[in-house]
Amino acid sequence: MLQRIQTLLQRHSPMTLAVLAQKLGSDPDTVRPMVELLARKGRVRIEKRSGCGGCFACRPEELETYTYIAQENNNPAFERVNQL
């Protein structure tokens, strides 16, 4: 499942926890520890927002956004694209 998460994030970053879990056919509580493992390895950046301002309608899994970052560090083509 780690490889599937990396592949999805490589293709669709940034992605919320809710969307990632949906694409994997899993629940957010199952996916979150795996993404945290990838973050500890330096492959994914986790950004947590506090909400939209106190409406209580935002689900926690919609406030966590994941971005695949290994491509930024290892892929010269990625650097060229970002320089354009």
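Predicted model, so just to flag it, every value in this text is computed and none were measured.

> I'd like to hear about the environment of leucine 63, residue by residue, with values.
For leucine 63, the location among the structural elements is in the loop between strand E2 (44–48) and strand E3 (64–68). When its relative accessible area of 12% is taken as the criterion, leucine 63 is described as buried. Between the C-alpha atom of leucine 63 and that of serine 50, which follows or precedes it by 13 residues, the distance is 7.0 Å.

> Which residues make up helix H3 (residues 28–40), and what values do they have?
With 13 residues, H3 extends 18 Å between its outermost C-alpha atoms, agreeing within 8% with the 18 Å of an ideal straight helix rising 1.5 Å per residue. Val31, Arg32, Val35 and Leu38 are the residues of H3 that are buried. Seen from one end, H3 has its buried residues packed into an arc of 125°, which puts them on one side. Summarising the geometry of H3, the exposed residues directed more than 90 degrees from the buried face are Asp29 and Arg40. The inward-facing, buried residues of H3 abut helix H1 (2–12), helix H2 (17–24), E2 and E3.

> Tell me about the nonpolar core, residues and numbers included.
Residues Ile5, Leu9, Leu20, Val31, Val35 and Tyr66 are the most contacted members of the largest nonpolar core, which totals 15 residues. For this core, the secondary-structure elements that each account for two or more residues are H1, H2, H3 and E3. Per-element tally for this core: the top contributor is H2, with 4 residues. In this structure, isoleucine 5 is in contact with Leu20, Leu24, Val31, Met34, Val35 and Leu38, ignoring residues within four places of it in sequence.

> Describe unusual backbone geometry, with residues and values.
Cis geometry marks the peptide bond from serine 13 to proline 14, where omega comes out at -5°. Within the secondary structure, proline 14 sits in the loop between H1 and strand E1 (15–16).

Definitions and limits used
Residues numbered from 1 in each chain as written. Predicted model: local features only at pLDDT ≥ 70, side-chain atom pairs only at ≥ 80, totals over all residues. Heavy atoms only, no water. Helix = DSSP H or I, 4+ residues; strand = E, 2+ residues; numbered from the N terminus. Buried < 20%, exposed > 50% of the residue type's maximum accessible area, 1.4 Å probe, protein only. Expected span 1.5 Å × (residues − 1). Arc of directions from axis to C-beta. Contact = heavy atoms within 4.5 Å. Core = buried A, V, L, I, M, F, W, Y, C linked by side-chain atoms within 4.5 Å.

Take it as geometry only, folks, not as evidence of what the structure does.
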